[in-house]
Structures are given as C-alpha cells and as structure tokens.
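Examining the three-dimensional arrangement
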Amino acid sequence: MSFSGGRSAFGIYLVLVLLDCYWEAVSGQLSYSVSEEVNPGTSVGNIAKDLNVNVQDLETRMFQLVTGSKRKIVAGSKKQYFEVNMKTGILYINERIDREELCGKAAKCTVNVEAVINDPLKLYRIEINVQDVNDNSPSFIAKSQSIDIAESTLPGVRFPLLQAYDADVGKNGINTYKLSSSEHFSLAVSKSGESISTELVLQKPLDREKEPMIKLILTALDGGTPPKSGNPAIIINVLDINDNTPVFEKSLYKTRVFENVPIGTTLLTLKATDSDEGTNKEILYTLSTKEQDQILEIFQIDQNTGILTVKGNVDFEEHAAFEIRAEARDKGQPPMSAHCKVLVEVMDLNDNAPEITVTSLHNTVKEDAKVGTAIALVSVLDRDGGKNGKVHCNIKNETPFKLETNYKNYYSLVVDGSLDRETVSHYDVTIIVTDEGTPPLSSTSVITVHVSDVNDNAPRFSEPVINVYVNENSPVRAVIKTVSAVDADSDQNGQVSYSFIDSNSNSVPLSTMININSETGDIISLQSFNYEEVKTFQFKVQATDSGVPPLSSNVTVNVFILDENDNSPGILAPYSDHGSVNSENIPYSAEAGYFVAKIRAVDADSGYNALLSYHISEPKGNNLFRIGTSTGEIRTKRRMSDNDLKTHPVVVLVSDNGEPSLSATVSIDVVVVESTGGIQTQFRHVPIKEENFSDLNLYLLISIVSVSVIFLLSFISLIAVKCHRTDSSFSRYSAPMITTHPDGSWSYSKSTQQYDVCFSSDTLKSDVVVFPASFPPVDAELISINEGDTFSRTQTLPTKEKVRTTCF
C-alpha cells in the first residue's frame, strides 16, 4: 500500500537498546523499530555508529548480515528485508514489509537479524520491531445478513450479528460498532479481552402486516487515525408467530481438550429446551456458519442430540483456543432459535521436535585456526510451549569443536582444539537438540566442516644421505639419479620444486657437471665423467614447496665415479721408448734364477683395472727365461748350453685385469756374453738429464718414505698389541696370519690392507710403484717380505672370482 511522505516520516523511528552481552563483550544486541509498508531504501538506523564501528572498517572486517529469522509463528520466510550500506553504515529497508503477512494477528512482530564482523570476531543480534499502521479496513464475511424474526417475538430478545475482521492489531483493530437508527432495534456491544461481539436487541414488537422487512446498516469502526470502517446490510424478515424460543441450559460452555485427539472424540453435549408443544418443541442443533469456516473443519455437532465432537486435527501450535457459536432452532413455523458460545481450550502435547537451523560463516576453516574461532551459527526452534518448548543443544560426537550460547536458543559453533588437515581433512559435527517434554523429543543436524590446508609441513626426503654410483665415460644428459621429496600438504603447499646447494668442497663447479629438473627431481649429467680426474663429489639438493612462506628441506647427495678399464698399461723407463732397441747382456756362466731385467709398468685405472700381470709372449716355447707375473722380473730358468743362441729376443706382454683386458708389449734382446766384464744394463744407457732431481724421483722418494713409515708403524703396533692385550681381548679379533708363498716369501695379514716388500742385490733395479686408492675403501692389509728387492704397497680389492696381488 502507498502512504504519504508525512506518514512515512512519522512511521519510522529508532529505539536503541543495549542488552546484556553473552560473549564477554564480544556479542551484543541492538533493537530498532520501523513501520510496515515503508518504501524500500528507507533508513532504519546507523548500525555502524550504534555498534561503535568505523564505517571504513565495515568492508575490511567483512561485516555481513548472516541470518534473517522471525518469530516462530511465521517461520519459513526467506525474504531479505534488510541490508546494510557498506559505505555509510546505514541499515535500510530492502523489501516492502507487510506486517499482516509477516506476523498475522500477533501482538508483537519482530524480525531478528544476526550480524557478524571479523578481526576480532563479534556477533550482534539485531531485533527489528515492525510497527503496525492502519492499512486495513474492517471487513465482513458477507455483504449482508438476513435474520428471520417472528412478529410475536417479545422485546429484549437478542440476535447475534456478523463479526467484523480487521487484519491490523492493537488500536488499529476493531474498536466499536454502530447501527443505523431504528425504532424496533438497538445494538448491544460486548468486549471480552480483545474480542468484540455484537447482538441485535429487539426494542419494540414487530408487526408483519405493517412492515414485513426491515433493512438496517451495521458499521464496524477501527481505532486508527483516521478510523476505517466496514458496512454490511442487516435485513430483518418478520415472520408469523411461533410463541417460544428454545433456551440453552448455559449461555457459555467451557471445556478442555488435548491437541491431536482422535477424530470423533466427544467434547460435550449442548442442551436446549422449548416450552412449545409438538413440532414447535423439537430442536435442531447447528454450528453457526458466520466466520467459522475453520471451526467447521475441526468440530461438528449432532443436530438431533447436540453432541459436539472433533472432526479434524486439533493443533495447539495453530490454535490455543476455539470460540464456537452454536444455535438451537425449533421446527415451528416460523422457527425460533437460541444461541450459545462454547470455549474450547487446547492443551499442549510434546508433539513437535526441535528444529535446527545452521548458518555457516565460513565454507572451510584453516587448520591453524585459533581456539574460539566461530564456524557457524546454530538456532533452535521448538513450536511447543512451556516445558515442551525448552531445549538443550549439544554436540554428540567427539570433535575439536564446541557450542557456545549466545542468547536463548542461539548458539555459535567454535573451534575448541587444534586442527590438522593432514590427519583429518573434514569433520562431521553431529548436533543433537532435545526438549524437556514427556517423552522428550530430539532432532539432529550434521554440519560438515572442511579443514583447509596451511603450509605447515616441509618437504621430506626418505633418507638424509643419498649415494649415487656413476660409471665413468657415461653419456652426457643421462639421468644419474631421481630424488623425490614428499610434502604432506595439499595443492600449492604440497607442490615441490628441486634445486642445488653447491658444496665448496668440490674442485670443479657443480653447474658444469650436473643439472637438476626442478619439477621431477631428475639429476642430469652435463659431462662425461673421468674417474682419473674426479673420483667423487658432493652436493645438496633442496626441496622447496610453493606455500607462503615456502618451507624446504635438504638431502646430501654423494656421487661416486666408478672406474672403467679405459687406460692401457704404460711401460716405464728404460724400456718405454717406442722404436728403440732394448737389449740386456748376461754371462754364459749365469746360473738358473739369474736376474736379467725388470719390466716396470703403471696403469692409470684403479682396482682390478690397475692390477698388472707380466707374461713372455715371444718366442713361444722358450724355456730359457721366466718372468715374475706380478714383479715383472726376468730371470733365467736354467744354465746356458752350447746349443743356445747368442741373442735371445724376448717380448713381454703386460696386461691389466679389467673387463675387457688391455695390454702393452715391450721387446728385449738378451745377449749372451762370455765374460761378465761386458755386461752393461740399460740403466747405464739411460741418458742423464741436466736437472738433478726430477718429478718422478720426488714421487718415488715420497712413496718409499711413506711405505717405510707405515711398515715400521705396523710392526711397532704388532709388538705393542702382543705385549699388552690379554687373552680375552684377543678373542674379539681374528688372529693374525703369516703366510708362506711358493717363491719363499712370507706375509703378515691384518684386516685392513696388504703390503708386499721385496729386496734385490741390484739396487739400480729397485723401485716402488704405488697405485691410487680405488672405491670402495680397502678391506684388508697384507705386509709381505719377499726375496726380491722391491718394496711396494697394493690394495686388496672387492672379492671376485680370483684375486691377484702385484708386486713391483
């Protein structure tokens, strides 16, 4: 309906009421009043000012109206009647409000709105009272009412009239009735609480012959300003005589009935009598049809016996009481009637389970949410009254949440413990509400709370150190290892990227050797590795997630280059010059075992690939010379005979123990001379360099001194252990072993390394060759003293089908 500007201005007013706080000064309640039917956009009040909140903070603190519930008699509407202007803080009308539609005939009509503001979280209950305006006129169920009255009816007899209905309440409702002037009738108005009833009173006897029909106007007036009215016509039909009217035993009957009683239940029996005789005494009972359509759907009366029974469903929540008008009419001509009232009080039963309404404040809750963070608002409605309408709300299952009471039947679901998405990603919170009725009724509601991820887990490698073994000469761009870290977080927080942390211990820049795929963790070689140049290097791989802030962890990667047999043995001086003639002289009188020459060779490889063996390959079948397979010493096998040649070409093959084996050869002509005076070794023909001390000499000297010191310390340690260790302590170690070799040498074996020591009378041919350490570390040590003249150290290698030891 439309109203003038003056009425709209008059209808809007503000009442601010600060109520008790239920959340320790975190929550509160405001109360406003507004008239119905005002235009959308009309201001209700400055909510920002009343809440003492800066207008600029409304948007940043995510101010919102989260619910819009009303009193229980009109529960179910989903209209959004109010909104807040986030720039001005004004609470305004969003949709037209019709109080009669919203609350019916309720004396008080309120709309409850919950408002939430964050940082810190505060909850406010806003109660808006909708004030009635006089926008409805009194109305009647019919435009006219006909009443039949016998002309013999005595003055003072009363006839009930139609009751007016006004949708407005309070002073705007029905206030009074007026009747048009008449010499025969007057109007009797009676008030009972808010109920106003009217009766037509006969003041003067009627005369059908003079006036068979009388027309009156009944006017109903409300209390509005200005008052509004409704005007039905009352038509009086004057009938011929029927002397006595029926009379009820009581003019007012009262009874009680429980709601939900079975159909057919008897409430009471109405009794009326008539002093006439014959058919004029016979009475028919009926329920008045005037404005009792709803009553006629619930109750019925037996027209002959007057028994009032239940016809439909009696519901306390819809009608707490009924006012029934009954009529007793005789069968005379014209019929005479009497009227009475029946007041039925409906008693409540606990027949309504509590209703739960949940308003979520957040779709998800972060796993690092603090205790007390509000997740949802829970409201409970029980349509029963008294104890049947009192409820208790609890959480049924064990969850890190709890319910906090805001005000009557309003609760907040808040965090009450620590959350961990990696352990539980969501919770089904079961809320159970039970009333105090007998028997108690309950309802449950399940709220699913999803826990959102925060970056609280760093990527984790399965082990702190990773060892990678790479063959030398492996192809470039090959994937030598794939590292992988697992992050328990989800989405971006669980996306892991990989990068290098270079180690300062590497002699070669890491970026020139390897690269890593940041997404897959594939470690890719950028060069072909040479064991002789780089045997091992170390670096760290860092796994970083994409969270904010990012978290990371490291793993140490040790890369070991595995040797391959890619170097042939190299012959050392004086037999290393290619194309030169190598010769050695021996006397004709040389005995078996005479020392002829010593072939020396080295191999840049390591391990088995560097184990060298010496063999005479040409001439085949020669039985004059033999060579030590591990020492390279050429000696005579027997004395010379006259049948032997004077010059013996000897080709020595030096082979390593690799797969496949690589080799080198050296040729020596052995010349047999008659006297020892002509014997000269190749050592004497070695050209003398100008420099007094070569690099080779330096290396040899360092090697000799090192091995000598080790040899000496080993014997000293052995003696010390024998002198001080008890028998019981010996039991924890393996006993030392002294081994005799076929050539007459002996060796002392420990558990770590092996040494061979050889001596010769020809000091010019004595030398020391030390091989580089192979990987993995040595696992045994052997010290040997042979009959030769060479002192050397070799390593015992990992076990294969056969183990060879080379002595130079």
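What counts as what
Residues numbered from 1 in each chain as written. Predicted model: local features only at pLDDT ≥ 70, side-chain atom pairs only at ≥ 80, totals over all residues. Heavy atoms only, no water. Helix = DSSP H or I, 4+ residues; strand = E, 2+ residues; numbered from the N terminus. Buried < 20%, exposed > 50% of the residue type's maximum accessible area, 1.4 Å probe, protein only. Contact = heavy atoms within 4.5 Å. Phe/Tyr/Trp six-rings, centres within 6.5 Å; stacked < 30°, edge-to-face > 60°. Polar contact = N/O pair within 3.5 Å; in protein donor to acceptor, adjacent residues only side chain to side chain. Salt bridge = Lys/Arg side-chain N within 4 Å of Asp/Glu carboxyl O. Disulfide = S-S within 2.5 Å. Pairing = 2+ DSSP bridges. Axes fitted to C-alpha atoms, helices over the stretch in contact; angles between N-to-C directions. Core = buried A, V, L, I, M, F, W, Y, C linked by side-chain atoms within 4.5 Å. pLDDT = per-residue confidence, 0-100. Patch = residues over 30% accessible without salt bridge, like charges linked within 9 Å, V, L, I, M, F, W, Y side chains within 5 Å. Areas by Shrake-Rupley, 256 points an atom, 1.4 Å probe, with all protein chains shown as cover.

With that settled, the discussion passes to the overall build of the chain. Summing up its helical and strand segments, the chain has seven helices and 55 strands in all. Within the chain, the proportion of its 808 residues that are buried is 45%. Long-range contacts, defined as pairs at least 24 residues apart, comprise 68% of the intrachain contacts of the chain with a sequence gap of at least 6.

Now for the packing of aromatic side chains. Throughout the structure, instances matching the rule amount to nine aromatic pairs. Each ring, one from F500 and one from F539, has its centre 5.0 Å from the other, and the planes form 75 degrees; the classification is edge-to-face. Taken together, the residues span a long stretch of sequence, with F500 in strand β37 (residues 496–501) and F539 in strand β40 (residues 536–545) at a distance of 39 residues. You can call F500 partly exposed: its relative accessible area is 23%. Here the aromatic cluster, defined as three or more aromatic residues joined through ring pairs, consists of F500, F529, F537 and F539.

A few words now on the side chain of D603. Secondary-structure assignment places D603 in the loop between β45 (601–602) and β46 (612–618). Polar contacts involving the side chain of D603 include one to the main-chain amide nitrogen of D605, which spans 2.9 Å.

Attention shifts here to the pattern of salt bridges. According to the stated counting rule, one finds 16 salt bridges in the structure shown. Between E323 and K341 there is a salt bridge, with the nearest N and O atoms lying 3.7 Å from each other. Of this pair, E323 sits in strand β23 (residues 321–330) while K341 sits in strand β24 (residues 337–347); the two residues are 18 residues apart in sequence, bridging distant segments of the chain. One salt bridge in this structure joins E404 and K402, with 3.7 Å as the shortest N-O distance. Where salt bridges share partners, they join E323, R325 and K341 into one cluster.

A few words on the state of the cysteines. Applying the stated rule across the entire model yields one disulfide. Here C103 pairs with C109 through a disulfide, and the sulfurs are 1.9 Å apart. Between C103 and C109, the disulfide has an S-S torsion of 60 degrees and is therefore right-handed. Note on C103: relative accessible area 2%, which makes it buried.

The next point concerns the sheet that holds strand β31 (residues 426–435). Strand order in the open sheet formed by four strands is β26-β32-β31-β28, and the pairing between neighbours is mixed. Edge positions in the sheet fall to β26 (364–366) and β28 (391–395), since each of these pairs with one other strand and no more. If you compare each strand with its neighbour and ignore which way they point, the axes differ by 30 degrees on average. Here β28 pairs with β31 via five bridges, running antiparallel. Across the sheet, N394 pairs through a bridge with I432, a residue of β31.

Glancing now at the sheet that holds β24. Here we have four strands laid out as an open sheet, ordered β17-β24-β23-β20, and mixed in their pairing. Unpaired on one side and paired on the other, β17 (252–258) and β20 (283–287) mark the two borders of the sheet. Taking each pair of neighbouring strands and ignoring which way they run, the sheet shows an average axis angle of 25 degrees.

By size, the foremost hydrophobic cluster in this structure holds 30 residues, and its most contacted members are I47, F63, F82, L91 and I126. Of all the elements in the fold, those that place two or more residues in this core are β1 (27–35), α2 (47–50), β4 (82–84), β5 (90–93), α4 (99–103), β6 (110–117) and β7 (122–131). The contact partners of I126, leaving out residues within four places of it in the chain, are L30, Y32, I47, L65, L91, V111, N112, V113 and A115. Residues Y253, I298, V310 and C340 belong to the second largest nonpolar core, which totals 27 residues.

Glancing now at unusual backbone geometry. Backbone torsion omega between T438 and P439 reads -5 degrees, so that peptide bond is classified as cis. Along the polypeptide, P439 turns up in the loop between β31 and β32 (442–452). For the bond from A573 to P574, the omega torsion is 15 degrees, close enough to zero to count as cis. Mapped onto the fold, P574 is located in the loop between β42 (570–571) and β43 (583–587). One non-glycine residue, N260, lies in positive phi territory at about 65 degrees. On the secondary structure map, N260 appears in the loop between β17 and β18 (266–269).

Okay, the confidence of the model for the chain next. Here the chain averages 79 in pLDDT, and 80% of its residues register 70 or above. For the stretch residues 681–691, pLDDT sits under 50, and the model shows 14 contacts to residues farther than four places along the chain or on other chains. Predicted confidence is poor over residues 726–808, with pLDDT under 50, and the contacts of this stretch with residues over four places away or in other chains come to 202 contacts.

Here we take up a nonpolar patch on the surface. On the surface, L701, V705, V709, L712, L713 and I716 cluster together into a nonpolar patch covering about 540 Å² of accessible area. Along the chain, I716 falls in helix α6 (residues 695–724).

As a further point, take the environment of E367. Topologically, E367 is positioned in the loop between β26 and β27 (374–381). Measuring from C-alpha to C-alpha, the distance between E367 and H450 comes to 9.4 Å, with 83 residues separating the pair along the chain. Residue contacts for E367: discarding those within four places in its chain leaves L419, D420, R421, E422, V451, S452, D453, V454, D456 and D489.

On to the side chain of D545. Considering the arrangement of structural elements, one finds D545 in strand β40. Reaching out from D545, the side chain makes a polar contact with the side chain of N455 at a distance of 3.1 Å. One polar contact links the side chain of D545 to the main-chain amide nitrogen of G547, over a distance of 3.3 Å. Excluding its chain neighbours within four sequence positions, the residues that come into contact with D545 are N455, N457, A458, P459, D487, N493, Q495, V496, P550 and L551.

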